[in-house]
Each structure stands twice: as C-alpha cells, then as structure tokens.
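Survey of secondary and tertiary structure
Each chain, written out:
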Amino acid sequence: MPKIVILTGAGISAESGLGTFRDEGGLWARHRIEDVATPEGFASNPQLVVDFYNARRAQAAEASPNAAHAALARLEAEMPGDVLIVTQNVDALHEKAGSQNVLHMHGALTSALCAACEHRWNAPLAMTVGEACPSCERPTARPDIVWFGEIPYHMEEIEARLSEADIFAAIGTSGNVYPAAGFVQAAAAYGALTVELNLEPSLVVSQFDETYSGLASETVPKWVG
Ligand code: BV8
C-alpha cells in the first residue's frame, strides 16, 4: 500500500464556513498578522489576541466537516497506517470527520498552553487574559497556537514521514507559509509523487507533478476515488 502524506490548509475548511487567511475578506484582511498571530502581538495586546482566538474557537466549534474532510477520513479507513494528515489548520474538522492520524503543526483552538511550564489542557470556549495554568497556577495561559516566528509542532515526525512518502498531496493551502510550503520540495526530493488540489494555483504549484483546480469538496472526493 502506498504511504500518503497530506498537507491541508485553510482552503479545506472554507466550505465549512471557516475563513481562510489570504482570500478576499479573509482573516488577515481584518487583522494585521503581526497584531494577532505573533508572540509580540500577544505580549503587547493579549486581550486582542485572546478575543481573536475566542471568536475563531466559537466559530470552529459550530462548524461541520465537508465532503473533502470526509473523503480523507475514508481514505485513512481504507488504508490504515498508511495515511497521515499534517494540517496547518487549528480547527478540529479532520477529527470531526473521523480522521485519526492528524498532526496539527500550527496548534489547535481546542488546546490551551501554559507559557511558563508548557502544560497543555482543553481550552475553555472563551479564554481570558491572565488565566491561571491548572498545573503551575501561574497566570500564564495562552492559546496553544504556533505564531509567526515560533517553531511548528511535530517537525521531526513530519520530516520522517515525508522521507517515506510515496505520495504527497497539498490541499487548500496557498504556499505562503513556511516550513509547510517547503514540504513538497522535500517529498519530491525523496521521490514521492506530488499532487496539489487547490481552488487556484498556489505559490509553489510549479513544484507539483499533478495539480487539480477547484473546490476541495469536489476535487478531493474525486481524487480519493
Ligand atoms: C518558523 C497560526 C522557524 C494559527 C499560522 C522561510 C523558511 C522558514 C521560515 C520562514 C521563511 N520565510 C518566512 C518565514 C517565517 C514564517 C513565514 O512563513 N512567513 C510567511 C508569511 C512568509 N514562518 C514562521 O514563522 C513559522 N515558524 O518558520 O519557525 C522554523 C522553521 C522550520 C523548522 C523549525 C523552525 C510559523 C508559521 C506558523 C504561523 N501560524 N497560523 C492560526 O491563527 O490559524 S500560519 C496561518 O497560515 C495558518 O496556520 C494557515 O493555515 C497558514 C497557511 O495559510 P493557508 O492555510 O495556506 O491559508 P491561505 O488563506 O493562505 O490559503 C488558502 C488557500 O486555499 C488559497 O490558496 C485558496 O485558493 C484555497 N482555497 C480557498 N477556498 C478553497 C480553496 N481550495 C480548495 N477549496 C476551497 N473551497
């Protein structure tokens, strides 16, 4: 059975009603990245950042997976152990669709992190500034999100799985953000077949062997077969 690594981005959740980042009216259109997705932004205005993620957490909690998430869950069920989803998304739509092998390289809205002792716990729907860590009791709770300038999670495992991949697919991502946008180059160097499924060509489309343009809810079920 081929080993498949699938990178997903905000575009796979767009048809579930969750905003993307760089499309018209996307999340970054309403907020400067520096203000809401950097440690400096959190340090200078924690309330703005906590409110930003509380709003997204509430929206994500209400969102349902779409046919693209469902198709990937079916693929994993048909090939147990051979499919890994590496998502840049912080929503839980892959898990809601039934996927079990999911790595959140940019963190997760459902998780809170203690900036002092690195304890993690299930985030309340609405976090507050200066919330106490349930472990060390210091007022150092923050969203468990990888901000710009911070090191993405699971990088060693991701790199190991890319080196073994027979197929690497990128779904719903613009190829703006590294190191995720560099995964296609790594997978190709290891000999994987590389496939992009996106509404429009990404910034790294030229590095893919195959590309399928269109809505993820249509292209992904067709690709999965
Ligand atoms: C790091 C937080 C060091 C959570 C996010 C070169 C090398 C290394 C680093 C850098 C580099 N150059 C610059 C950097 C630094 C920086 C970076 O990449 N900056 C960019 C802006 C230039 N990277 C970092 O800081 C990263 N850390 O590099 O540490 C390091 C490196 C390697 C190893 C060890 C240490 C940390 C980056 C993480 C930042 N956090 N999010 C949150 O708020 O959500 S990034 C943010 O962008 C989200 O996570 C999001 O998922 C991600 C990527 O965006 P996309 O998912 O692609 O979303 P976007 O809107 O851009 O695109 C949507 C796409 O979907 C579009 O193409 C659209 O056409 C398509 N689409 C829309 N609708 C549909 C659709 N497709 C199909 N169907 C549809 N219906």
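Residues numbered from 1 in each chain as written. Predicted model: local features only at pLDDT ≥ 70, side-chain atom pairs only at ≥ 80, totals over all residues. Heavy atoms only, no water.

Structural notes on the overall build of the protein chain
- Each helix and strand counted, the protein chain has 9 helices and 9 strands in total.
- For 225 residues, the compact-globule estimate of 2.2 N^0.38 gives 17 Å, and the protein chain sits close to it at 17 Å.
- Dimensions of the protein chain, computed from the C-alpha atoms along their principal axes, are close to 50 × 35 × 30 Å.
- Pairs at least 24 residues apart make up 65% of the contacts formed inside the protein chain by residues separated by at least 6 positions.
- As displayed, the protein chain has an accessible area near 10,400 Å², and 53% of this comes from carbon and sulfur atoms. (Helix = DSSP H or I, 4+ residues; strand = E, 2+ residues; numbered from the N terminus. Rg over C-alpha atoms; globule rule 2.2 N^0.38 Å. Contact = heavy atoms within 4.5 Å. Areas by Shrake-Rupley, 256 points an atom, 1.4 Å probe, with all protein chains shown as cover.)

Structural notes on the UniProt feature "active site" (unreviewed entry) in the protein chain
- As recorded in UniProt, the feature "active site" (unreviewed entry) lies at H106.
- Along the chain, H106 falls in the loop between β3 (102–104) and β4 (107–114).
- For H106, a relative accessible area of 13% translates into the label buried.
- Not counting the four nearest positions on each side in its chain, H106 is found in contact with T87, Q88, V90, D144, I145, V146, P152 and V177.
- A polar side-chain atom of H106 sits 3.3 Å from the main-chain carbonyl oxygen of Q88. (UniProt positions renumbered as here; feature names shortened; annotations may be inferred. Buried < 20%, exposed > 50% of the residue type's maximum accessible area, 1.4 Å probe, protein only. Polar contact = N/O pair within 3.5 Å; in protein donor to acceptor, adjacent residues only side chain to side chain.)

Quick word on the UniProt feature "binding site: Zn(2+)" (unreviewed entry) in the protein chain
- The positions that UniProt labels "binding site: Zn(2+)" (unreviewed entry) are, in the present scheme, C114, C117, C133 and C136. Across 23 residues in sequence, these annotated residues keep their C-alpha atoms within 8.5 Å of one another, forming a single compact spot.
- Checked against the element boundaries, C133 lands in the loop between β5 (120–122) and β6 (141–145).
- Apart from the residues lying within four places of it in its own chain, the contact partners of C133 are C114, C117, H119, W121, R138 and T140.

A few points about the side chain of T194
- When you line up the elements, T194 lands in strand β8 (residues 193–198).
- Exposure remark for T194: the relative accessible area of 0% places this residue in the buried category.

What about the pairing of β4?
- Of all 8 residues in β4, 7 are buried; the element is thus mostly enclosed.
- Across 4 bridges, β4 lies against β6 in antiparallel orientation. The partner of A112 across the bridge, within β6, is P143.
- In this sheet, β5 lies alongside β4 in antiparallel orientation, the contact comprising 3 bridges. (Pairing = 2+ DSSP bridges.)

Things to note about the sheet that holds β8
- Spatial strand order, β3-β2-β1-β7-β8-β9: 6 strands in an open sheet with parallel pairing. Because the sheet does not close on itself, it has two edges, and the strands there are β3 and β9 (210–213). This sheet shows a mean twist of 15 degrees between the axes of neighbouring strands, independent of strand direction.
- Sheet topology places strand β7 (residues 167–171) next to β8; 5 bridges connect them, and they run parallel. Bridge assignment links A170 to a residue of β8, and that residue is E196.
- Sheet contacts for helix α7 (residues 155–164): β1 (4–8), β2 (83–87), β3 and β7; angle to β2, the most-contacted strand, approximately 135 degrees. (Axes fitted to C-alpha atoms, helices over the stretch in contact; angles between N-to-C directions.)

Observations concerning the site of the ligand
- Every one of the 36 residues lining the ligand counts as a neighbour, but F21, R22, H106, G149 and S174 are closest to it.
- Separating an oxygen atom of the ligand from a side-chain N or O atom of H106 is a distance of 2.7 Å.
- At a separation of 2.8 Å, an oxygen atom of the ligand approaches a polar backbone atom of Y178.
- Out of a free accessible area of 1,500 Å², the ligand has 79% covered by protein chains.
- Split into classes, the residues belonging to the shell around the ligand amount to 17 nonpolar, 13 polar and 6 charged. (Near = heavy atom within 4 Å. Nonpolar A, V, L, I, M, F, W, Y, C, P; charged D, E, K, R; others polar.)

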